[in-house]
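This is what each chain is made of:
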Amino acid sequence: EQYTSVAQPGEVLRKQQKWTKPLLIVFVAALAGVAVLVAHDRDWKAPAVRVRGHPEFTEEDATPANPPGESATATSPPAETDLSAASEWTAMHPDPAVLKWLDTSEVKPGGTTCGFLIAPLGTMGVHVESYPDVKVYVCIKFAKTQPAPKGTIFTHCGGPGSVSGCGVDWGQHAGDDYNHVGIDQRGLGRSLPTFATPNCTLPAGSDILGDDEDETQTRKLLRLVKARAHTCFNDPSFQLPAKNNKSGKDHFNFLQFSGTDEVAEDLDRFRKAIGARKLSLHGISYGSAIAMAYATKFRDHVDKFLLNSPVPPTLSMFQMAWDSAHGQQLQYDNFAAACDSAGAACPLSMAPGGTGNALALVMDKIRQMNIQIPLTTDQCKAFFFCTSPTSVSAVYLANLQLGFSQAGDREGFKQVVNEVYTQYQAAASGDIVKFESMIVKSGQEYVAAFIAAVNAAARPSQPSGPQAALPFFDENPDTNSKPTEEERVAGQPDYHVLINQGQVAQTCVMSQSTFDEASNENYFMSRWKEVKSTFPNFHLGKSVKLFTSWWSMTYSWPRLTPTTSAASPTTPGIIIGYIYDPNTPYSWAQQAHASFPLTSLVTSQASKHGMTDDEIDRHCLPILTKYLQEDVQPVDGDLCQAPKPIAWS
């Protein structure tokens, strides 16, 4: 009443007094009633809720426990409805109305199988009864002992874009006492509908800029992204008919119901379907957004909680783009500092101004000369990154050679930096012919090695190249029960090409999970120029490239549906942050820690993204495995020391 009519201050006060007195009486009476109940039942404690499939479940748990002297009547403390309804289901025998494993012969201790979770499109609002169903592909590797002694752990490897295979495979670090679960989140992999549609792609190669510091090329990309946003959002395959017209709505757009929040909802639907009281969560990179969303919405159902190189708990698209550009600057500053500290053992450090200045001189000279690396047509088809039918920009290739994929490969980066020294000498001496010849030779050797590595990884019976068709494509998606791999989706031979042609997965998911987008080209470019001047990055273009990549994901998207800020004051766990993480800056781990204060922040000095079982993480990985296997949470602020990113003898 206060907000729907104009009232004087005295009138508002009287209206407040009118309701305050009777409410106070009711409140005092309620307290008195509680006091009587507490006095009567002070020796009784509510039993722990256990269900079939929980490691401590016994048949006695099937009989409701009651306070001393009372029978199971309506006066007993109410059971948690979703748990009592799910009590007959287990991971091996889930609720068939929600989840069915495709191959029952694989449902056994130690076995691996997959199936489809049937989920309503949405869960809130006036349209609940009208939402159609969608299919979410879920895979599980069963613990060797059933019920799983430590329950079920869900892993998401990030992206957005990673699929169920990674989640299941990562389980080796958690041990055999867990059921290991991975999913193809909505729109990805085998889940339906799929984001992998031509209307959501960009023209082939259009997102590969010859030079990420070129304003004209960046503006051209933004115009393509803007046009794509509207054709993708309005694609007919995403307009799902309503179950009924009770709410006056005849269809719903899937691209407003397939973001991060919906993954959390699907996970909880899965939890109920297998009769689990809690899930353990392991989110790597973007996967941490899913883990944080789940812990925020369903905090009472979280067991182990692990954020591995997390994104920030508040998903501002602009801030993430800016912070990522900063993270790239810090990583390459760290590399250059390691070279400088090595002195003569790292020759590039002997250049006037040190390693950073030498790198900047080489990049500037490549730009001035507009060097292109000539390749054959077949090489360009296999390489996939050509900036013309028969060549690739030397600037772009330099970014690949010094790319983040080598962040954890110290020897590989060392080799590239040492090669740059001879190029620097030629450029500094003015020998332009020699300089260009060296750049071309280095680029062609890199492309040849790249193609050879791709061919070696391809199956022998199939054509080589990153787009080669694999037999996996031909399997019946209705019966194939294997976890999905990123480049192999049963029944979808074009999936890998479509989903990667213009950051399709990232665009569709992040536009439904973030805010702070740009919709004006000039505004976007004004912030782009700030990044370019603030994070020069030895003129490599890496910082501005990452900024453009992040912020353009949601550029001009018609309807954002952001995820709420994530937080839980009651969820313990571990957060792993790398000081020189090139993808998810260390500041994001600090922010996540502030939002989940009962977690322990474990910091690594390494220059890398995401904890794995490689040599660099040998000091940190035991902390993670001890937490998962022995329930030991480390001391907050634990530090994993790491050597300098590059070591010269």
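Throughout this document, residue positions are counted from 1 along each chain, in the order its sequence is written. In keeping with the model being predicted, local features are shown solely for residues with a pLDDT of at least 70 and side-chain atom pairs are shown and tallied solely at 80 or more, while totals for entire chains, interfaces and linings include all residues. Values shown for side chains rest on all heavy atoms present in the structure; no hydrogens or waters enter the calculation.

**Focus: the nonpolar core**
As a rule of thumb, nonpolar side chains are buried together in soluble globular proteins. Condition: Buried residues of nine kinds, namely Ala, Val, Leu, Ile, Met, Phe, Trp, Tyr and Cys, make up a nonpolar core once their side-chain atoms join them within 4.5 Å. When accessible area is computed with a 1.4 Å probe and restricted to protein chains, residues below 20% of their type maximum are described as buried, those above 50% as exposed, and intermediate ones as partly exposed. In this text, helices come from DSSP runs of H or I with a minimum length of four residues, and strands from runs of E with a minimum of two, each type numbered from the N-terminal end.
With 120 residues, the main nonpolar core has Phe 195 and Phe 305 as its most contacted residues. It is helix 6 (residues 287–297) that provides the largest number of residues to this core, a total of 7 residues. Of all hydrophobic cores here, the second largest spans 43 residues; its members include Phe 383, Ala 427, Ile 439 and Val 447.

**Quick notes on the confidence of the model for the chain**
Which entries qualify depends on this criterion: Scored from 0 to 100, pLDDT records how confident the predictor is in each individual residue. We call two residues in contact whenever any of their non-hydrogen atoms come within 4.5 Å of each other.
Mean pLDDT over the chain works out to 83, with 81% of the residues at or above the 70 mark. Per-residue pLDDT stays below 50 along residues 1–86; that stretch engages in 56 contacts with residues further than four places along the chain or on separate chains. Within the model, pLDDT remains below 50 along residues 459–471, and this stretch shows 22 contacts once partners closer than five positions in the same chain are excluded.

**Thoughts on the packing of helix 7 (residues 317–342) against helix 16 (residues 542–552)**
Using the following cut-off: Only the contacting stretch of a helix is used when fitting its axis, a line to C-alpha atoms as for every element, and angles between N-to-C directions run 0 to 180 degrees. Should an angle lie under 35 degrees it is considered roughly parallel, over 145 roughly antiparallel, and from 65 to 115 roughly perpendicular; all remaining angles are considered oblique. Working rule for handedness: look at the near helix, and if it is turned counterclockwise from the far one by less than a right angle, call the crossing left-handed; if clockwise, right-handed. Residues are sorted three ways: Asp, Glu, Lys and Arg are charged, Ala, Val, Leu, Ile, Met, Phe, Trp, Tyr, Cys and Pro are nonpolar, and all the rest, Gly among them, are polar.
Taken N-terminus to C-terminus, the directions of helix 7 and helix 16 make an angle of 160°; their axes are 8 Å apart at the nearest point. Taken together, the axes of helix 7 and helix 16 lie roughly antiparallel to each other. Where helix 7 crosses over helix 16, the handedness of that crossing is right-handed. For the pair helix 7 and helix 16, contact is made by Met 317, Phe 318, Met 320, Ala 321, Trp 322, Ser 324, Ala 325, Gln 328, Gln 329 and Tyr 332 and by Lys 542, Ser 543, Leu 546, Phe 547, Trp 550 and Trp 551, respectively. Considering only residue class, the contact of helix 7 with helix 16 consists of 11 nonpolar, 4 polar and 1 charged.

**A closer look at the pattern of salt bridges**
The condition is simple: Here a salt bridge means any side-chain nitrogen of Lys or Arg lying within 4 Å of a carboxyl oxygen belonging to Asp or Glu.
What the rule picks out here adds up to 21 salt bridges. Ionic pairing is found between Arg 186 and Asp 266, a salt bridge with its closest N-O pair at 2.8 Å. Placement of Arg 186 in the loop between strand 5 (179–184) and helix 4 (215–233) and of Asp 266 in helix 5 (residues 260–273) is noted, with a sequence separation of 80 residues between them. Summarising the burial analysis for this pair, Arg 186 and Asp 266 share the class buried. Lys 297 is paired through a salt bridge with Glu 265; the nearest N and O atoms lie 3.3 Å apart. Pair noted here: Lys 297 is in helix 6 and Glu 265 is in helix 5, with a separation of 32 residues, a long-range link. Look at Glu 265 and you get buried, because its relative accessible area is 16%.

**Section: the packing of aromatic side chains**
Rules: Within 6.5 Å between ring centres, the rings of Phe, Tyr and Trp (the latter by its six-membered ring) count as paired, and their orientation is classed by plane angle as stacked under 30 degrees, edge-to-face over 60, tilted in between. A positively charged side chain is recorded as over a ring if its NZ (Lys) or CZ (Arg) lies within 6 Å of the ring centre. The angle to the ring normal must also be within 35 degrees.
As enumerated under the stated definition, the model contains 21 aromatic pairs in all. Taken together, a centroid distance of 5.0 Å and an interplanar angle of 65° make the contact between Phe 318 and Trp 551 edge-to-face. Placement of Phe 318 in helix 7 and of Trp 551 in helix 16 is noted, with a sequence separation of 233 residues between them. For the pair shown, Phe 318 and Trp 551 are each scored as buried. By the ring-pair criterion, three or more aromatic residues cluster together here, those being Phe 318, Trp 322, Tyr 523, Phe 524, Phe 535, Phe 547, Trp 551 and Tyr 555. When the ring centre of Tyr 137 is taken as reference, the NZ or CZ atom of Arg 190 above it lies at 4.2 Å.

**As for unusual backbone geometry**
Cis rather than trans, the peptide bond between Gln 146 and Pro 147 has omega equal to -5°. For Pro 147, the position within the fold is in the loop between strand 3 (133–141) and strand 4 (152–156). Residue Pro 193 is bonded to the preceding Leu 192 through a cis peptide linkage, with omega at 0°. Along the chain, the position of Pro 193 falls in the loop between strand 5 and helix 4. You will see that Asn 370, though not glycine, has its phi angle at about 50°, which is positive. Position of Asn 370 relative to the elements: it lies in the loop between helix 8 (355–369) and strand 10 (372–374). Despite not being glycine, His 539 shows a phi value in the positive range, around 65°.

**A closer look at the pairing of strand 12 (residues 573–578)**
Stated formally: If you view a crossover with the strands going away from you and the path from the first strand over the helix to the second runs clockwise, you call it right-handed.
Extensive coverage of strand 12 is indicated by the burial of 6 of its 6 residues. What you see with strand 12 is no split at all: Gly 573, Ile 575 and Gly 577 on one side and Ile 574, Ile 576 and Tyr 578 on the other are buried throughout. Regarding topology, helix 17 (residues 586–595) serves as the crossover connection from strand 12 to the parallel strand 13 (residues 599–604), and that connection is right-handed.

**A closer look at the state of the cysteines**
The condition that has to hold: The definition used for a disulfide is geometric: two cysteine sulfur atoms within 2.5 Å.
Tallied over the entire structure, the rule returns 6 disulfides. The partner cysteine of Cys 200 in its disulfide is Cys 232, sulfur to sulfur 2.0 Å. On the sign convention where negative means left-handed, the S-S torsion of about 80° between Cys 200 and Cys 232 marks this disulfide as right-handed. Here Cys 200 is found in the loop between strand 5 and helix 4, whereas its partner Cys 232 is found in helix 4, with 32 residues between them in sequence. The exposure class assigned to Cys 200 is buried, which follows from its relative accessible area of 1%. Shown here for the chain is a disulfide pattern of 1-2, 3-4, 5-6, 7-8, 9-10, 11-12, where each number marks a bonded cysteine counted in sequence order. Counting only cysteine sulfurs, Cys 232 is the nearest neighbor of Cys 508, a cysteine outside any disulfide, at a range of 4.0 Å.

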